[in-house]
Amino acid sequence: MSEWISRHPELLVAGLKAGVLIFVLLTAVAYMVWFERKLIAHIQSRWGPYRVGPHGLLQPLADGLKFLFKEDIILTNVTSRFVYLFAPFLSLALALLAVAVIPFGPEEFELLGTRTGLYVADINVGLLFVLAVTSLGVYGVVLAGWSSNSKYPLLGGLRSAAQMISYELALTFAVVGVLLLAGTLSLREIVDGQSGTWAGFLPRWHVFPQFVAFVCFFVAGVAETNRTPFDLPEAESELVAGFHTEYSSLKFAMFFMAEYAHIITTSLLVTILFFGGWLSPFPDTAAWNFTRFLPSVLTAVLALLFFRDAFRLTNQYHRVLTFLICMGLAGLAFLLLHPTALVLAQGPFWLLAKTGMFLFVFVWTRATLPRFRYDQLMAFGWKLLVPLAVLNVFVTSFVVAWRAD
Amino acid sequence: MSAEHWLFFFFAGVAVLGALNLILQRHPIHSALSLILVMASLAVLYLLLGAEFIAAIQIIVYAGAIMVLFVFVIMVLNAGEEERTSLSRVAKFVGLPLAAVFLVEVCYVLYRAWPSEQMVVPERFLGRTEAIGKALYGEFLLPFELTAILILIALVGAVVLAQKEP
């Protein structure tokens, strides 16, 4: 066995990268919940979580422990026990799988004697892979709703199935416009095709020629993740909690994590397709060379903010913890000045910065907009988004064909 | 045997077992889930042959769209477990042996037609996305458009049938 592994180091490397990615993603999911609670609270003039750790930073840990120790109620009168237990696993597994093909940066490095990049898998049809995996995500919701043998989950599952099928069309049509410009299905090549600038300062991102597609994609993406204003499958005033009403403890947490992992995947995908992925928004000239130090500088600023808090906070434990975080961030800032780290960090920094912007928009929408009515939801998807996306495909293909002549 | 061969035999086995399970299950949802499993393992087999585009489309179209509709319909109709009657005598004594004979025949013909070393060749299919697109919109443009019109007619027919009587 060990001999076989030593002959195939790429498998070990892939497994290692997958493990790291899943760990990072699950941590990001936990802190996404913190980010959402904090942001919505501030939008509504509240404090949000602030008791567990400084600024409530340990809240996700506490939440996770709580989920772990809650009583796990497994219904006995379910329609199908296997499906009932399988649905949350399916949901989470598919949500985590989609991130495997996302490239986080252009740089290649050496790991265990294998040249590899900042991705788990670089496949030629990466975009189709993401679409395929997210299109399977509906099963988790539908099967959970059906197998619970209860009215509210069933209605939630049915709503979710109808909604996801409807908005997947708009989502896919919106992607076609980008594909026509990029001419490839590989996520890495799509990003590479967006390098350079128009007129010396405007980056050649797809969002400028494909603004309509971007709007369609983002709205459909919000609908696909079952978020407000499209969260009818789990509308609490009508359906209690929708498809996951009958789940408790860690099984509920799995649905919860799957939803937030979907949000992160959608944001990453929007960034890669329309906003140039890991490319820096600044022109690639000597005058703008100083922007390479932004990751380090921003980390240092964050460290300084925590340093200030270490003297301002009233709770002793919070002060100590804040100081430790400050030290960690300062160390990271120095580490990012190292030439190799400086080069390697550029891609992930810009990708994650842009992705963070979209995560902010996701939360902002939830804090601002009320929920759609069901007929409005269907009319909006079929009568506005789909025709708009198809029109965009028409116009784009005409322009591409005209340019090619 | 290389890793590709192991993967082939594993997923081929999963596909066959899934297909058997599809028939043997009593509940329609379980059968539908088995069918999804079969589709997914077929996609992996396409992937092993190097046909990435077809593998992805297999998942998107069959597992992601068509089977969702199946599951949706089963849920809306709230179909319960099917009731089994005991096998009729004809099915037992003629049908099962005939099916077995047919299976052996097909295997024999396939085995004779292609020598075993040519059966599983990873990366043999080199039709990349671009090649498939060029073939569909070039050489096979007419059949492609005809299929599109056929589907459109079926779509219009479905809408007409579903319409309420005036």
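Residues numbered from 1 in each chain as written. Chains lettered and ligands numbered in written order. Predicted model: local features only at pLDDT ≥ 70, side-chain atom pairs only at ≥ 80, totals over all residues. Heavy atoms only, no water.

Undergrad: Any chance you could break down the overall build of chain B for me, citing the residues and the numbers?
TA: Summing up its helical and strand segments, chain B has 7 helices and 0 strands in all. The linear arrangement of helices and strands in chain B, starting from the amino end, is α-α-α-α-α-α-α. Burial analysis of chain B (166 residues in total) assigns 20% to the buried set. Within chain B, counting contacts between residues at least 6 apart in sequence, those at least 24 apart form 63% of the total. Counting only carbon and sulfur atoms, one obtains 74% of the accessible surface of chain B, whose full area is about 12,100 Å². (Helix = DSSP H or I, 4+ residues; strand = E, 2+ residues; numbered from the N terminus. Buried < 20%, exposed > 50% of the residue type's maximum accessible area, 1.4 Å probe, protein only. Contact = heavy atoms within 4.5 Å. Areas by Shrake-Rupley, 256 points an atom, 1.4 Å probe, with all protein chains shown as cover.)

Undergrad: For the environment of Ala87(A), give the residues involved together with the corresponding values.
TA: Residue and element names in this part refer to chain A. Mapping Ala87 onto the fold places it in helix α4 (residues 81-97). You can call Ala87 buried: its relative accessible area is 0%. Filtering out sequence-adjacent residues up to four positions away, Ala87 remains in contact with Gly140, Leu143, Ala144, Tyr247 and Phe255.

Undergrad: Give a description of empty space enclosed by the protein that names residues and reports values.
TA: Residues and elements named next belong to chain A. What the rule picks out here adds up to 3 cavities of 30 Å³ or more. Volume-wise, the largest cavity comes out at about 160 Å³. Lining the largest cavity we find 14 residues, and of these Val141, Asn226, Phe243, Glu259 and His262 sit closest to its centre. Elements supplying a minimum of two residues to the lining of the largest cavity: α5 (126-147) and α10 (249-274). When grouped by side-chain class, the residues that make up the lining of the largest cavity number 5 nonpolar, 6 polar and 3 charged. The computed volume of the second largest cavity comes to approximately 130 Å³. In terms of lining residues, the second largest cavity is bounded by 13 residues, among which Thr134, Leu171, Glu224, His262 and Thr266 are the most central. The element contributing the most residues to the lining of the second largest cavity is α10, with 4 residues. Split into classes, the residues belonging to the lining of the second largest cavity amount to 6 nonpolar, 6 polar and 1 charged. (1 Å grid on protein atoms, 1.4 Å probe; cavity = no way out; pocket = protein on both sides within 12 Å on 5 of 7 lines; lining within 4 Å. Points joined across faces, edges and corners; volume = space filled by probe spheres on them. Nonpolar A, V, L, I, M, F, W, Y, C, P; charged D, E, K, R; others polar.)

Undergrad: Outline a nonpolar patch on the surface, supporting the account with residue identities and numerical values.
TA: All names here are of chain A. A contiguous nonpolar surface patch, about 850 Å² in accessible area, is contributed by Trp288, Phe290, Phe293, Val297, Val301, Leu302, Leu305, Phe334 and Leu337. A per-element tally of the nonpolar patch places helix α11 (residues 294-312) first, with 4 residues. Turning to its location among the elements, Leu337 is positioned in the loop between α12 (316-335) and α13 (339-368). (Patch = residues over 30% accessible without salt bridge, like charges linked within 9 Å, V, L, I, M, F, W, Y side chains within 5 Å. Salt bridge = Lys/Arg side-chain N within 4 Å of Asp/Glu carboxyl O.)

Undergrad: I'd like a rundown of helix α2 (residues 28-48) of chain B, residues and numbers included.
TA: Across its 21 residues, α2(B) extends 30 Å between first and last C-alpha, which sits within 8% of the 30 Å expected from 1.5 Å per residue. At the C-terminal side of α2(B), Gly50(B) shows a positive phi close to 95 degrees. (Expected span 1.5 Å × (residues − 1).)

Undergrad: So, the packing of α11(A) against α12(A): which residues are in play, and what are the values?
TA: All names here are of chain A. Running from N to C, α11 and α12 cross one another at 160 degrees; their axes reach a closest spacing of 8 Å. Viewed along their axes, α11 and α12 adopt a mutual orientation that is roughly antiparallel. Pair α11 / α12 crosses with left-handed handedness. Counted together, Ser296, Thr299, Ala300, Leu302, Ala303, Phe306, Phe307, Asp309, Ala310 and Phe311 of α11 and Arg319, Thr322, Phe323, Ile325, Cys326, Leu329, Ala330, Leu332 and Ala333 of α12 form the full contact between these two elements. Looking at the contact of α11 with α12, its residues break down into 14 nonpolar, 3 polar and 2 charged. (Axes fitted to C-alpha atoms, helices over the stretch in contact; angles between N-to-C directions. Parallel < 35°, antiparallel > 145°, perpendicular 65-115°, else oblique. Left-handed = near helix turned anticlockwise from the far one by under 90°.)

Undergrad: How would you explain the nonpolar core if you had to name every residue and give the values?
TA: Residues Tyr139(A), Leu143(A), Phe217(A), Leu273(A) and Phe274(A) are the most contacted members of the largest nonpolar core, which totals 108 residues. With residues up to four places along the chain from it excluded, the contact list for Phe274(A) reads Val178(A), Gln194(A), Trp205(A), His206(A), Val207(A), Gln210(A), Ala213(A), Phe214(A) and Phe217(A). (Core = buried A, V, L, I, M, F, W, Y, C linked by side-chain atoms within 4.5 Å.)

Undergrad: Can you tell me about the side chain of Thr365(A), naming the residues and giving the values?
TA: Relative to the elements of secondary structure, Thr365(A) occurs in helix α13. If we skip the residues at most four places from it in the chain, Thr365(A) touches Thr228(A) and Pro229(A).

Undergrad: Can you lay out the interface of chain A and chain B for me, pointing to particular residues and giving the numbers?
TA: Across the contact, 21 residues belong to chain A and 22 residues belong to chain B. For the pair chain A and chain B, the summed buried surface comes to about 1,900 Å²; carbon and sulfur atoms form 81% of the total. Run the count over chain A and chain B and you get 0 salt bridges. Our count for the chain A to chain B interface comes out at 3 residue pairs in polar contact (both at pLDDT 80 or more). When residues of the side of chain A that touches chain B are traced back to their parent elements, those giving at least two are α5 and α6 (151-182) of chain A. A total of 10 residues in the side of chain A that touches chain B trace back to one element, the largest contributor, which is α5(A). The class makeup of the residues in the side of chain A that touches chain B is 18 nonpolar, 3 polar and no charged. (Buried area = accessible area lost by both parts, 1.4 Å probe. Polar contact = N/O pair within 3.5 Å; in protein donor to acceptor, adjacent residues only side chain to side chain.)

Undergrad: How would you summarise the confidence of the model for chain B if you had to cite specific residues and measurements?
TA: All names here are of chain B. Looking at chain B, the pLDDT average stands at 82 and 86% of residues meet or exceed 70. Per-element confidence in chain B ranges from a low mean pLDDT of 63 for helix α5 (residues 116-119) to a high of 92 for helix α7 (residues 141-162). The complex prediction reports pTM at 0.85, with the ipTM value standing at 0.77. (pLDDT = per-residue confidence, 0-100.)

Undergrad: Lay out the pattern of salt bridges with the relevant residues and their values.
TA: Residues and elements named next belong to chain A. One pass over the full model with this rule turns up 7 salt bridges over all chains. Between Arg373 and Asp375 there is a salt bridge, with its nearest N and O atoms 2.9 Å apart. Because the salt bridges share partners, they merge into one network encompassing Glu36, Arg227, Glu259 and Arg366.

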